[in-house]
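Descriptive analysis of the structure
Each chain, letter by letter, is given below.
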Amino acid sequence: MKLAIAALLAGSAAAFAPAQVGKATTALNAFENELGAQPPLGFFDPLGMLTDADQERFDRLRYVEVKHGRICQLAFLGQITTRNGVHLSGDIDMSGHSFDSYPNGIAAVFGDSAIPQAGVLQIFAFVGFLELFVMKDSANGAEPGEFPGDFRNGALDFGWDTFDEETKLSKRAIELNNGRAAMMGILGLMVHEKLGEIDMVADLPIIGALQ
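Residues numbered from 1 in each chain as written. Predicted model: local features only at pLDDT ≥ 70, side-chain atom pairs only at ≥ 80, totals over all residues. Heavy atoms only, no water.

1. A word on the packing of helix α3 (residues 55–82) against helix α5 (residues 165–195)
We apply this condition: To obtain each axis, a line is fitted to C-alpha atoms, and for helices this fit is confined to the stretch in contact; angles are then taken between N-to-C directions over 0 to 180 degrees. Helix numbering and strand numbering both begin at the N terminus, where a helix is a DSSP run of H or I of at least 4 residues and a strand a DSSP run of E of at least 2. Roughly parallel means an angle under 35 degrees; roughly antiparallel, over 145; roughly perpendicular, 65 to 115; everything else is oblique. Helix crossings fall into two classes, left-handed where the near helix is turned counterclockwise from the far one by less than a right angle and right-handed where it is turned clockwise. We call two residues contacting when some pair of their heavy atoms lies within 4.5 Å. For this classification, Asp, Glu, Lys and Arg are treated as charged, while Ala, Val, Leu, Ile, Met, Phe, Trp, Tyr, Cys and Pro are nonpolar and the rest, including Gly, are polar.
Contact geometry of α3 with α5 gives a least axis separation of 7 Å together with a crossing angle of 55°. Here α3 is positioned oblique relative to α5, judged by the angle of their axes. The handedness of the crossing between α3 and α5 comes out as left-handed. Each of Arg-62, Glu-65, Val-66, His-68, Gly-69, Arg-70, Cys-72, Gln-73, Ala-75, Phe-76 and Gln-79 in α3 lies in contact with α5, whose residues at this interface are Glu-175, Leu-176, Asn-178, Gly-179, Arg-180, Ala-182, Met-183, Gly-185, Ile-186, Leu-189 and Glu-193. For the contact of α3 with α5, the residue count by class is 9 nonpolar, 7 polar and 6 charged.

2. Focus: the packing of aromatic side chains
Stated precisely, the cut-off is as follows: Here a Phe, Tyr or Trp ring, Trp counted by its six-membered ring, pairs with any other such ring whose centre lies within 6.5 Å, and the pair is stacked when the planes are under 30 degrees apart, edge-to-face when over 60, and tilted otherwise. Note on exposure labels: buried denotes an accessible area under 20% of the residue type's maximum, exposed denotes more than 50%, and partly exposed covers the range between, all computed with a 1.4 Å probe on protein chains only. Sitting over a ring, as applied to charges here, requires NZ of Lys or CZ of Arg to be within 6 Å of the ring centre and within 35 degrees of the ring normal.
This structure, assessed with the given rule, holds 5 aromatic pairs. Aromatic side chains Tyr-63 and Phe-151 sit 5.9 Å apart centroid to centroid with 70° between the ring planes, which places their arrangement in the edge-to-face category. On the criterion of sequence distance, the pair formed by Tyr-63 in helix α3 and Phe-151 in the loop between α4 (117–134) and α5 is long-range, its members being 88 residues apart. Taking relative accessible area as the criterion, Tyr-63 reaches 0% and is therefore assigned buried. Three or more aromatic residues joined by ring pairs form one cluster here, namely Phe-147, Trp-160 and Phe-163. The ring centre of Phe-151 lies 5.1 Å from the NZ or CZ of Arg-70, which sits over that ring. Over the aromatic face of Phe-163 sits the side chain of Lys-171, whose NZ or CZ is 5.1 Å from the ring centroid.

3. With respect to the pattern of salt bridges
Note the cut-off: Whenever Lys or Arg places a side-chain nitrogen within 4 Å of a carboxyl oxygen from Asp or Glu, that contact is recorded as a salt bridge.
Inspection of the entire model under this criterion finds 7 salt bridges. Residue Glu-65 pairs with Arg-180 through a salt bridge whose shortest N-O separation is 2.6 Å. Here Glu-65, found in helix α3, pairs with Arg-180, found in helix α5; they are 115 residues apart in sequence, far enough to count as distant. Classification of Arg-180 by relative accessible area gives buried; the value is 6%. Put simply, Lys-168 and Glu-146 hold a salt bridge, and the shortest N to O gap is 3.3 Å. Placement of Lys-168 in helix α5 and of Glu-146 in the loop between α4 and α5 is noted, with a sequence separation of 22 residues between them. A relative accessible area of 39% places Glu-146 in the partly exposed class. One continuous salt-bridge network, built from bridges that share partners, spans Arg-62, Glu-65 and Arg-180.

4. Overview of a nonpolar patch on the surface
To keep it simple, the criterion reads: Within this analysis, patches are made of residues with over 30% relative accessible area and no salt bridge. Like charges are joined at 9 Å or less; nonpolar side chains (Val, Leu, Ile, Met, Phe, Trp, Tyr) at 5 Å or less. Note on areas: Shrake-Rupley, 1.4 Å probe, and residue coverage restricted to the protein chains presented here.
Among the surface-exposed residues, Phe-126, Phe-129, Leu-132, Phe-133, Val-134 and Met-135 lie close enough to one another that they form a single nonpolar patch of about 600 Å² accessible area. Mapped onto the elements, Met-135 comes out in the loop between α4 and α5.

5. Let's talk about the environment of Glu-34
Mapping Glu-34 onto the fold places it in the loop between α2 (26–31) and α3. Along the primary structure Glu-34 and Phe-58 are separated by 24 residues, whereas in three dimensions their C-alpha atoms are 9.6 Å apart.

6. Section: the environment of Asp-161
Tracing the backbone through its elements, the reader meets Asp-161 in the loop between α4 and α5. The contacts of Asp-161, once residues within four sequence positions are left out, are Glu-146, Arg-152 and Lys-168.

7. Considering the side chain of Glu-193
The criterion, for reference: For this analysis, a polar contact is any N or O atom pair within 3.5 Å, provided that within protein one partner can donate a hydrogen and the other can accept it, and provided that sequence-adjacent residues contribute only side-chain to side-chain pairs.
Of note, Glu-193 is situated in helix α5. Given the relative accessible area of 8%, Glu-193 is considered buried. Within the local environment of Glu-193, its side chain forms a polar contact with the backbone nitrogen of Ala-107, the two atoms lying 3.0 Å apart.

8. Here we look at unusual backbone geometry
Located in the positive-phi region is Asp-52, a residue other than glycine, with phi close to 60°. Of note, Asp-52 is situated in the loop between α2 and α3.

9. A few points about the environment of Asp-93
Its location among the elements puts Asp-93 in the loop between α3 and α4. With sequence-adjacent residues up to four places away left out, Asp-93 is seen in contact with Tyr-102 and Pro-116. In terms of polar contacts, Asp-93 uses its side chain to reach the backbone amide nitrogen of Ser-95, at 3.1 Å. Here the side chain of Asp-93 touches His-97 through a polar contact of 2.8 Å, side chain to side chain.

In structure tokens:
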């Protein structure tokens, strides 16, 4: 869990927040106008990950940020969906355990009532397959895409090429902001879920108390 939290924070740290007046760096001058360095925060690199970085380094960090944002958006939606009582129908294993018989959130993967280890291994194997062979772009060893995080790979489009450049930039900026919000959101849910284990239950909007 600590590794996951550190990865989320590192993935989001290299793209947004206020620039320090009078301390402009080479990285700031090079990347302050990049997509994602937008009001009200602007450019942000508190860990110095872009110090003396080139465009390839920036693209790699942007790729990681976009990917983490997409994962966290799915994770956050998964949290609020299952906590609202919506689960897959049927059984999760051959023993007849239903999907809704397991807890929500982190407890579904780690804990006494977690899904069987074989199920966890299948999840990680599937994610690994997607990472290595499917979800790739120019910043991850694939053929160059239009931008970091472009996972169309010459096969998927969904009408993207019908948008003008201004619309494309707007949609990419929206995705970045939603991804950043989702990273903070899922992190908050994870923290509050663990707080419930020490009798500090929080009654949150939409999803209620995390137990």
